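So the chains spell out like this:
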Amino acid sequence: ICISIHQGQTRGVWCLISEAGEGKSQGVKALLTEFGYRIVDIRTAQLTHVGAGVPQRAVDGHFDYAVPSDFPKPGEKAAMVFDEVNQGQQFAIAMMFKLFEDRSLYSYKLPDDCPIILMMNPSTAAYNVTKLETNPAINRRIKKVWVYSTFGDWKKHAQTPAFHESDGKSLPCHPWIVRFLNTTPNMLYTAKDRDGHKQFCCPATWQTVSLDLYSLEAEEARLKAAGEKYNDVTLTSETGSQRAINRLGATINTVNATALIEYVKHNEVRVSPDEVLLKYKP
């Protein structure tokens, strides 16, 4: 994708395919933001005839369509991102064909340097999607790649301030999550929970849990500053840890949330051997 952006190549639209929660949306948006693009995020599941253009008053027996005001404008550095592209109806997907091939819709023309990026989940039994992968008319227009996150790559990103950029915050992943996943990297993505229709761990849900931990810490600090009781939100207290498990469990299920909070409690009150042997100073 970077080479296509640098060289201005718009033919061959990139299509990223992955299981839910792998972080493709966050990755694409972080990349485009780094390049300085305004992102026009379109969900084909919500794309209707009205959403793609409204008929205007006829002149000389002909009428035109007005496209949404957030579409890229001439001279603007903007990118079009079609998220969950295969969750749209057939007519919505058909409307996109012209954008992929001719870079136009009705009389609207995409700027020459405007990249288009597609994202979708695979058309397996686990997802209620339109099957696109076997459509030759689409395959000839796009460049398909399968996306997955290794723990090492995820960790590099998690330790940068860009991790919470999509939340409007310049923050890395909460340190307790990184430390916890260092001991159990297989919990980066708990596919068994996903396939069992439970709340599950994945790069996207760990981002939510990280934000939850920051919120709990901020609430504790707020209560302390106000001179109010704060034990109910302290992670290492009995009531605070249970509240945290309930909150985090709503995202990654209570079993996974309990494992994380128990790790935090034990490591918060214990000194690890490497601290004593290698880092202790009198």
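Parameters at a glance
Residues numbered from 1 in each chain as written. Predicted model: local features only at pLDDT ≥ 70, side-chain atom pairs only at ≥ 80, totals over all residues. Heavy atoms only, no water. Phe/Tyr/Trp six-rings, centres within 6.5 Å; stacked < 30°, edge-to-face > 60°. Buried < 20%, exposed > 50% of the residue type's maximum accessible area, 1.4 Å probe, protein only. Patch = residues over 30% accessible without salt bridge, like charges linked within 9 Å, V, L, I, M, F, W, Y side chains within 5 Å. Areas by Shrake-Rupley, 256 points an atom, 1.4 Å probe, with all protein chains shown as cover. Salt bridge = Lys/Arg side-chain N within 4 Å of Asp/Glu carboxyl O. Helix = DSSP H or I, 4+ residues; strand = E, 2+ residues; numbered from the N terminus. Axes fitted to C-alpha atoms, helices over the stretch in contact; angles between N-to-C directions. Parallel < 35°, antiparallel > 145°, perpendicular 65-115°, else oblique. Contact = heavy atoms within 4.5 Å. Nonpolar A, V, L, I, M, F, W, Y, C, P; charged D, E, K, R; others polar. Polar contact = N/O pair within 3.5 Å; in protein donor to acceptor, adjacent residues only side chain to side chain. pLDDT = per-residue confidence, 0-100. Core = buried A, V, L, I, M, F, W, Y, C linked by side-chain atoms within 4.5 Å. Left-handed = near helix turned anticlockwise from the far one by under 90°. Pairing = 2+ DSSP bridges.

Draft legend 1. Broad picture of the packing of aromatic side chains. Scanning the entire structure with this criterion turns up seven aromatic pairs. Aromatic pair Trp154 and Phe163: ring centres 6.0 Å apart, planes at 90°, arrangement edge-to-face. Residue Trp154 is classed as buried on the basis of its relative accessible area of 5%. Ring-pair connections join several aromatic residues into one group, and the members of that group are Trp176, Phe180, Trp206 and Tyr263.

Draft legend 2. Local environment of a nonpolar patch on the surface. A cluster of nonpolar side chains, namely Val276, Leu277 and Leu278, defines an oily patch on the protein surface of about 370 Å² accessible area. Within the element layout of this structure, Leu278 appears in helix 11 (residues 273-279). Leu278 gets classed as exposed once you look at its relative accessible area, which sits at 70%.

Draft legend 3. Broad picture of the packing of helix 6 (residues 175-183) against helix 8 (residues 203-225). One way to put it is that helix 6 packs onto helix 8 with a least axis distance of 9 Å and a crossing angle of 130°. Considering the angle they form, helix 6 stands oblique to helix 8. Across the interface between the two elements, Pro175, Trp176, Ile177, Phe180 and Leu181 from helix 6 touch Trp206, Val209, Ser210, Leu213 and Tyr214 from helix 8. Of the residues in the contact of helix 6 with helix 8, the class split is nine nonpolar, one polar and no charged.

Draft legend 4. Molecular detail of the side chain of Asn121. Mapped onto the elements, Asn121 comes out in the loop between strand 8 (116-120) and helix 4 (136-139). What makes Asn121 buried here is its relative accessible area of 8%. For Asn121, the side chain forms a polar contact with the main-chain oxygen of Ser18, separated by 3.0 Å.

Draft legend 5. Main features of the side chain of Arg194. Positionally, Arg194 belongs in helix 7 (residues 191-195). A polar contact of 2.9 Å, which involves the side chain of Arg194, links it to the side chain of Asp195.

Draft legend 6. A look at the confidence of the model for the chain. Per-residue confidence for the chain averages 86 on the pLDDT scale, and 92% of its residues sit at or above 70. Summarising per-element confidence for the chain, the mean pLDDT is lowest in strand 3 (residues 54-55) (67) and highest in helix 8 (95).

Draft legend 7. Looking closely at the environment of His164. Tracing the chain through its elements places His164 in the loop between helix 5 (151-158) and helix 6. Through-space distance from the C-alpha of His164 to that of Met120 is 22 Å; in sequence the pair is 44 residues apart. Those residues in contact with His164 that sit more than four places away from it in its chain are Lys169, Leu171, Pro172, Cys173, Gln207, Ser210, Leu211 and Tyr214. Looking at His164, its side chain comes within polar contact range of the side chain of Ser210, at 2.8 Å.

Draft legend 8. Main features of the nonpolar core. With 27 residues, the main nonpolar core has Trp154, Ile177, Leu181, Trp206, Leu213 and Leu260 as its most contacted residues. Looking at this core, the elements with two or more residues in it are helix 5, helix 6, helix 8, helix 9 (238-252) and helix 10 (254-269). Apart from the residues within four sequence positions on either side, Trp154 is in contact with Phe163, Cys173, Ile177, Leu181, Leu188, Pro203 and Trp206. Grouped together as the second largest cluster of nonpolar side chains are 23 residues, Val40, Phe71, Met96 and Tyr108 included.

Draft legend 9. Spotlight on the packing of helix 8 against helix 9. At their nearest, the axes of helix 8 and helix 9 sit 9 Å apart, and the two run at 160° to each other. For the element pair helix 8 / helix 9, the angle class is roughly antiparallel. Handedness of the helix 8/helix 9 crossing: right-handed. Counted together, Thr205, Trp206, Thr208, Val209, Asp212, Leu213, Ser215 and Leu216 of helix 8 and Ala244, Arg247, Leu248, Thr251 and Ile252 of helix 9 form the full contact between these two elements.

Draft legend 10. Here's a closer look at the sheet that holds strand 8. Ordered by their spatial adjacency, five strands build an open sheet running 2-5-8-1-9, and the pairing between neighbours is parallel. The open sheet terminates on both sides in strands that have one partner only, identified here as strand 2 (38-43) and strand 9 (142-146). Averaged over all pairs of adjacent strands, the angle between strand axes in this sheet comes to 20°, irrespective of strand direction. Here three bridges tie strand 5 (residues 78-83) to strand 8, and the two strands are oriented parallel to one another. Its bridge partner being in strand 8, Val81 is matched across the sheet by Ile117. Against the sheet, helix 2 (residues 24-34) contacts strand 1 (13-17), strand 2, strand 5 and strand 8, and its axis sits at roughly 165° relative to strand 8.

Draft legend 11. Fine view of the pattern of salt bridges. Within the structure shown, the criterion is met by eleven salt bridges. Glu19 is the partner of Arg194 in a salt bridge, and the nearest nitrogen-oxygen pair spans 3.7 Å. Placement of Arg194 in helix 7 and of Glu19 in the loop between strand 1 and helix 2 is noted, with a sequence separation of 175 residues between them. The burial state of Arg194 is the same as that of Glu19; both residues are buried. Through salt bridges with shared partners, a single ionic network connects Lys29, Asp41, Arg43, Asp83 and Glu84.

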